[in-house]
Amino acid sequence: MTHRILILGAGYAGALAAGALARRLHPSGVEITLVNAVPHFVERIRLHQLAVGQTLAQRPLRDMFAKTDVNVVIDRVTSLEVDAHQVTLEAGGALGYDSLIISLGSTQAPPALEVEGDTVRSVASHSEALRLRDSLSALDPGRSVVVVGAGLTGLEAVTEIAESRPDLDVSLLTGDAIGANLSAKGARHVRAVLSRLGVTVHERTRAGRITPDALMTEDGRSLPADLVVWTTGFVTNPLAAASSLATSEDGRIVVDRTMRSVSHPAVRAVGDAAWALGHGEKPLRMCCASGNALAWQAAEGVVADVSGGRAPSVPRAYVAQCISLGRRDGLLQIVRPDDTPRELVLTGRLAARNKEFVCKGAAFGVANPTFRIPVPSRGPARVTV
Ligand SMILES: Cc1cc2nc3c(=O)[nH]c(=O)nc-3n(C[C@H](O)[C@H](O)[C@H](O)COP(=O)(O)OP(=O)(O)OC[C@H]3O[C@@H](n4cnc5c(N)ncnc54)[C@H](O)[C@@H]3O)c2cc1C
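These figures come from a predicted structure and were not determined experimentally.

### Brief notes about the packing of helix α1 (residues 12–24) against helix α8 (residues 348–367)
Two elements in contact, α1 and α8, have axes whose closest approach is 8 Å; the angle formed by their N-to-C orientations is 45°. Judged by the inter-axis angle, α1 sits oblique to α8. Side by side, α1 and α8 meet where Y12, A15 and L16 of the first sit next to A362, G365 and V366 of the second. Counted by class, the contact of α1 with α8 contains 5 nonpolar, 1 polar and no charged residues.

Next comes the structure, spelled out in structure tokens:
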């Protein structure tokens, strides 16, 4: 009997898992289906670049998987009926499965404060980045943009905007200090770049209200804001929390070491959809650095399920955070396995080049599912079910 493997979401994690399964399983005994809401792969880690008008490579999913046995279905999943082993699709109909991998990613958490007008944008999804691009290009010189949040996404967004639009009045607002999660050296470098790019920094300041032309801080100040770019963290796709799957407080699917759902053994979750423990039993954060290696872990778990073997265990240690600071600068922050920073950084053009290499490498791995290189995640021989 054919074993039906269904993968939901073709972002970094889902597309990598689908590619790994296609490489590892002989098509005679399995059917692999990959469902995605949009027809192309979204290079999310470059969306701040798209937002300032740079052109990103187009990668249609059907072309990416043309040389594999993966069936690509372009449709939106509307519910997960995991007790019945099926999912429903927006266009109508349902897909059944024997093994399910959920990799539906995340989006921007909306501001939890009063918002008047339509000035809030984000860089968390393709459509939001395009909206931000249109709004930025409509701004006349001298207009003001406030980026809220100085995590990795906020830093990448604010530096990209300030570098590409030196005619705008760009500021960064953060509830913490700049570089709160970086080493002292890393934070110093980020401050120097923000200063060079003319970004006004408001640290330890919280947004209280957004009006059509200002951001009011909780401590009563009014900052001019023709546009607000909200970057204060991602929220995972809500379908899992609406299902009977066991989820964490923030709606991610709770998985074990093999990325298997703790409540539904036929289900695995990867990427921003999964709540998994990393080094030192700390939950992994939503990022490619966590998701990509564990996509392979999930795929190998499915291979083990269908072939009766044992899944290998992928190390869950962080190595570095790679941050772009505009196109000509960056920060490579070396971290401990639990993601805390070491006093070891690379900065400037070399760090920018390193980030570019990381982005290209991640996209290449996703877009070339048949490419075999001699590392465990790409290379092991095919299994016949
Ligand atoms: C601007 C920006 C910069 C970033 N930089 C970095 C970085 O430098 N390093 C890093 O590690 N992380 C970075 N991240 C985070 C990283 O992009 C995410 O952690 C990563 O994309 C998560 O991968 P994923 O496959 O889980 O989800 P996603 O990449 O979000 O993919 C989810 C997929 O599911 C599809 N989907 C969603 N809902 C449905 C539905 N209902 N039905 C069907 N399909 C659906 C989507 O279309 C998408 O293709 C950045 C994020 C942003 C926004």
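### A look at the environment of V319
Among the secondary structure elements, V319 is positioned in the loop between α7 (288–307) and β22 (320–324). A count of 13 C-beta atoms within 10 Å places V319 in the partly exposed class. For the pair V319 and R349, spaced 30 residues apart in the sequence, the C-alpha separation amounts to 20 Å.

### Focus on the sheet that holds strand β13 (residues 200–202)
One open sheet holds the 5 strands; their spatial order is β10-β17-β11-β12-β13, and the pairing between them is parallel. Since the sheet does not close on itself, it has two edges, and those belong to β10 (120–121) and β13, each with one partner. Summarising the sheet, β10 and strand β17 (residues 227–230) pair through 2 bridges and their orientation is parallel. Each bridged residue has a counterpart across the sheet, and for V120 the counterpart in β17 is V228.

### Description of helix α5 (residues 152–164)
If you check α5, its first and last C-alpha atoms are 18 Å apart, about what 13 residues at 1.5 Å a residue would give, namely 18 Å. Most of α5 sits inside the fold, with 12 of its 13 residues counted as buried. Every buried residue of α5 is listed here: L152, T153, G154, L155, E156, A157, V158, T159, E160, I161, A162 and E163.

### Remarks on the site of the ligand
The local shell around the ligand holds 36 residues, among which G9, G11, G105, G271 and C287 are the closest. The set of elements that each furnish at least two residues to the shell around the ligand consists of α1, β2 (30–36), α2 (47–51), α5 and α7. Each residue belonging to the shell around the ligand can be placed in one class, and the counts come to 20 nonpolar, 12 polar and 4 charged. Here the shell around the ligand spans two domains, since at least three of its residues come from each of domain 1 (3–107 + 234–316) and domain 2 (110–230).

### Description of the environment of V199
If you trace the backbone, V199 turns up in the loop between α6 (184–196) and β13. Sequence separation between V199 and Y97 is 102 residues; the distance between their C-alpha atoms is 51 Å. Sequence-distant contacts of V199, defined by excluding residues within four places in its chain, comprise V158, A162, V170, S171, L172 and L194.

### A short note on the sheet that holds strand β9 (residues 114–115)
Taken together, the 4 strands give an open sheet; going across it, the order is β9-β14-β15-β16, and neighbouring strands pair in mixed fashion. Lying at the two open borders of the sheet, with one neighbouring strand each, are β9 and β16 (222–224). For strand β14 (residues 207–211) and strand β15 (residues 214–217), the ladder comprises 4 bridges, and the chain directions are antiparallel. By the bridge assignment for β15, T211 is matched with A214.

Basis of the calculations
- Residues numbered from 1 in each chain as written.
- Predicted model: local features only at pLDDT ≥ 70, side-chain atom pairs only at ≥ 80, totals over all residues.
- Axes fitted to C-alpha atoms, helices over the stretch in contact; angles between N-to-C directions.
- Helix = DSSP H or I, 4+ residues; strand = E, 2+ residues; numbered from the N terminus.
- Parallel < 35°, antiparallel > 145°, perpendicular 65-115°, else oblique.
- Contact = placed C-beta atoms within 7 Å.
- Nonpolar A, V, L, I, M, F, W, Y, C, P; charged D, E, K, R; others polar.
- Buried ≥ 20, exposed ≤ 12 C-beta atoms within 10 Å, placed from the backbone.
- Pairing = 2+ DSSP bridges.
- Expected span 1.5 Å × (residues − 1).
- Near = placed C-beta within 6 Å.
- Domains from an automatic or database assignment.

Just distances and angles here, no functional claims.
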